Amino acid sequence: MGAPGGRGSAEAGTVDGGDGGAIVFLDFTTIDGQSNAIRSNGDPGQSPPGGGAHSASGAGGAGQMRVVANSFDSATAISAAGGTGGTPTADTWHGGVSGGGGGGGGIWVQTLGAPSQAGATATVPNVTFDVSGGDAGPAIVNPQDGQLTATSGAGGTGLVSVSGVDRSEEHT
């Protein structure tokens, strides 16, 4: 499961970080994506409500997925991407800091006849993968000096792993 983002500040306390992605287990004979997607993405960070100079919350990290299918019969996108950090606020004298991006998640696909592979070059016919880390929220201009405020970091890239599946021992 993806981790939630860190809290930001607000006039009346804090703003919660974005929720993390879910844990997903799918096991089908075939998947007919019909150009649709299977997603376990992190939610974006929040911008602080109200006035004042406050820092935004961080985004949620992506979830983890295991998808087992003999084949993918049409275009299917599988995504475990991190969310984007929130936007800070400013007052007359100060500006807040942006929220950090959520980290990319993990996707493990098992399909008939697939060679074992991992990383950015992993491929499965009819499938596209996205395990990108989320961008940091944008910097804003500090009203006092006209300079951009500090920004948080972007989330790291997740991992795709592909391997063959052996259904010969399954019970019917």
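Refer to the structure above for everything that follows.
Rules behind the numbers
Residue numbering note: each chain is counted from 1, following its sequence as written. Only residues with pLDDT of at least 70 are given local features in this predicted model, and only at 80 or more are side-chain atom pairs given and counted; all residues enter the totals for whole chains, interfaces and linings. Computation of side-chain values covers all heavy atoms of the structure but excludes hydrogens and water. Nine residue types can take part in a nonpolar core, namely buried Ala, Val, Leu, Ile, Met, Phe, Trp, Tyr and Cys, and a core is a set of them joined through side-chain atoms within 4.5 Å. Exposure categories follow from relative accessible area, calculated using a 1.4 Å probe and restricted to protein chains: below 20% of the type maximum is buried, above 50% is exposed, and the middle band is partly exposed. Strands are runs of DSSP state E lasting at least two residues, helices are runs of H or I lasting at least four, and both sets are numbered from the N terminus onward. Whether two residues touch is decided by their heavy atoms; if any such pair falls within 4.5 Å, the residues are in contact. Between any two strands, pairing holds if DSSP finds at least two bridges. Within this document, salt bridges are pairs made up of a side-chain nitrogen of Lys or Arg and a carboxyl oxygen of Asp or Glu, the two lying within 4 Å of each other. The criterion for an aromatic pair is that two Phe, Tyr or Trp rings (for Trp, the six-membered ring) have centres within 6.5 Å, with stacked assigned to planes under 30 degrees apart, edge-to-face to planes over 60 apart and tilted to the rest. As a reminder, the over-ring test applies to NZ of lysine and CZ of arginine, requiring each to be within 6 Å of the ring centre and within 35 degrees of the ring normal.

Core analysis: the largest hydrophobic core is formed by 19 residues, its most contacted members being M65, F72, I78, I107 and V109. Taken together, the elements giving at least two residues each to this core come down to β3 (23-39), β4 (64-79), β5 (106-111) and β8 (159-164). Looking at this core, the element that brings in the most residues is β4, giving five residues. Apart from residues no more than four positions distant in its own chain, F72 is found in contact with I31, V67, I78, V109, T111, V124, P125, N126 and V127.

In this section: the pairing of β5. Sheet faces and side chains relate simply in a regular strand, where the side chains alternate between the two faces. The element β5 is largely enclosed, with a buried count of five among its six residues. Note that β4 and β5 share six bridges and pair parallel. Directly across from R66, in β5, lies its bridge partner W108. Across six bridges, β5 lies against β8 in parallel orientation. Opposite Q110, over in β8, you have S163 as the bridge partner.

On to the pattern of salt bridges, then. Two side chains of opposite charge can pair, provided their charged atoms sit close to one another. Counted by the stated rule, this structure contains one salt bridge. The closest approach of N and O atoms between R7 and D16, which form a salt bridge, is 3.3 Å.

Quick look at the packing of aromatic side chains now. Within the structure shown, the criterion is met by zero aromatic pairs. It is R66 that lies over the ring of W108; its NZ or CZ is 4.7 Å from the centre.

From the geometry alone we can't say anything about function, so treat these as descriptive.
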